[in-house]
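If you want the building blocks of each chain, they are given just below.
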Amino acid sequence: MRIVIAGGSGFMGDYLKQRFEEDNNNVTILTRNPNAQENVYWDGKTIGEWTTTLENADVLINLAGKSVDCRYTKRNKNLIFSSRLESTAILGKAISSAQNPPKLWINSSTATIYEHSLYDGNTEAVGEIGSGFSVEVAKAWEKTFFDCFCQSTRQVALRTAIVLGNKGGAFVPFKRLVKLGLGGKMSSGRQMVSWVHQEDVYRAILFVMANHNIEGVLNLSSPSPVTNGEFMQALRKEVVVPFGLPHFKPMLEIAAFFMRTETELLLKSRYVLPERLLILGFKFKYNRLEDAIKSLV
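Cut-offs used in this document
- Residues numbered from 1 in each chain as written.
- Predicted model: local features only at pLDDT ≥ 70, side-chain atom pairs only at ≥ 80, totals over all residues.
- Heavy atoms only, no water.
- Patch = residues over 30% accessible without salt bridge, like charges linked within 9 Å, V, L, I, M, F, W, Y side chains within 5 Å.
- Areas by Shrake-Rupley, 256 points an atom, 1.4 Å probe, with all protein chains shown as cover.
- Salt bridge = Lys/Arg side-chain N within 4 Å of Asp/Glu carboxyl O.
- Helix = DSSP H or I, 4+ residues; strand = E, 2+ residues; numbered from the N terminus.
- Buried < 20%, exposed > 50% of the residue type's maximum accessible area, 1.4 Å probe, protein only.
- Core = buried A, V, L, I, M, F, W, Y, C linked by side-chain atoms within 4.5 Å.
- Contact = heavy atoms within 4.5 Å.
- Lys, Arg positive; Asp, Glu negative; His and termini not counted.
- Polar contact = N/O pair within 3.5 Å; in protein donor to acceptor, adjacent residues only side chain to side chain.
- Right-handed = clockwise from strand over helix to strand, strands pointing away.
- Pairing = 2+ DSSP bridges.
- Disulfide = S-S within 2.5 Å.

Draft legend 1. Fine view of a nonpolar patch on the surface. Judged by side-chain polarity, Phe-243, Leu-245, Phe-248 and Met-251 come together as a nonpolar surface patch covering roughly 400 Å² of accessible area. With respect to the helices and strands, the residue Leu-245 is situated in the loop between α6 (228-239) and α7 (249-259).

Shown next as structure tokens:
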């Protein structure tokens, strides 16, 4: 198949490209920094020669967007919004103008769209949409995506949880903290951590590609979320570090300031369940956090 990945130069884009090519697919990456023959330049907001890559493509996957792992200054907030909304809107415009548009458009979204919840799992059917900056980004992102007129292209938004991978994302700094003896619970440790293994992200995308009746929103998260305390304990066990210094909220605020990030990424309770995927028959390879971590350390 011909697959186009927009904003595919990050760790998840690299992983998907590798896995798709292992399965003998042709992959094109749309990126602001093309550094390989199969990569194509785009600026993520204007029509250009990159639109030709969409002609006769089987699948378009959009991962574009500034990382939220930063301080939420006014400038960074604007970039987080604009990088997601502009790239999604321009892809929609390119698809609507294509003579032979992609059959399927998968757009990133985020499990952060749901409310902070300690006790009630959020599903697509009964999940409570939250409030705050990150939620507003997610809502605007999905609205921009589904407002695109793509008559001949199936559209799926993946509300993805924290992706566990050994070459990027949240797993790498968490493992580093554990090795330094700093891998204790964060604040109360009761906040829920919804997670998904990078291999199951790839497998879920294949599942969506193969099942032509799937449209709309999907939660992409393991069916076995854990608390932050349980997550850190499982990681300490696999890295073989018996003790982890706990992090109280004031400590996290100070550390986040110097690390140029936000404590929301650690303290918001993300309790998300993949109800639709399970009903549709998808089988997660990594249901247990311990197995997922063991495959990555």
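Having seen it, we continue.
Draft legend 2. Representation of unusual backbone geometry within the structure. We note that Ser-187 has phi near 55°; this positive angle belongs to a residue other than glycine. What makes Ser-187 partly exposed here is its relative accessible area of 24%. Even without glycine at this site, Val-240 takes up a positive phi of about 60°. On the secondary structure map, Val-240 appears in the loop between α6 and α7.

Draft legend 3. Fine view of the nonpolar core. Of all hydrophobic cores here, the largest spans 29 residues; its most connected members are Ile-5, Phe-20, Ile-61 and Ile-205. Secondary structure elements with two or more residues in this core: β1 (2-6), α1 (11-22), β2 (26-31), β4 (59-62), β5 (104-110), β6 (154-160), α5 (198-210) and β10 (216-220). For this core, the element with the most residues is α5, which contributes seven residues. Apart from the residues within four sequence positions on either side, Ile-205 is in contact with Leu-16, Phe-20, Ile-61, Ile-106 and Leu-158. Leu-164, Met-186, Phe-231 and Val-239 belong to the second-largest nonpolar core, a separate cluster that totals 21 residues.

Draft legend 4. Geometry of the side chain of Arg-270. Locating Arg-270 in the fold gives a position in the loop between α8 (264-267) and α9 (275-280). No salt bridge forms around the buried Arg-270; measuring N to O, its nearest opposite-charge neighbour Glu-264 is 4.6 Å away. At 3.1 Å, the side chain of Arg-270 forms a polar contact with the side chain of Thr-112. For Arg-270, the contacting residues outside a window of four places in its chain are Thr-112, Met-192, Val-193, Ser-194, Glu-264 and Leu-265.

Draft legend 5. The arrangement of the pairing of β6 in detail. For β6, a buried count of seven out of seven residues is recorded, marking the element as mostly surrounded by other parts of the structure. On β6, burial covers both faces: Arg-154, Val-156, Leu-158 and Thr-160 on one face and Gln-155, Ala-157 and Arg-159 on the other are all buried. The parallel pair β5 and β6, bridged by helix α3 (residues 133-147), forms a crossover whose chirality is right-handed. In this sheet, β10 lies alongside β6 in parallel orientation, the contact comprising five bridges. The residue of β10 that forms the bridge with Val-156 is Gly-216.

Draft legend 6. Structural detail: the state of the cysteines. The full count for this structure, using the stated rule, is zero disulfides. Cysteine Cys-150 is unpaired, with the sulfur of Cys-148 as its nearest cysteine sulfur at 5.3 Å. Given a relative accessible area of 10%, Cys-150 falls into the buried group.

These values are about where atoms sit, not about what they do.
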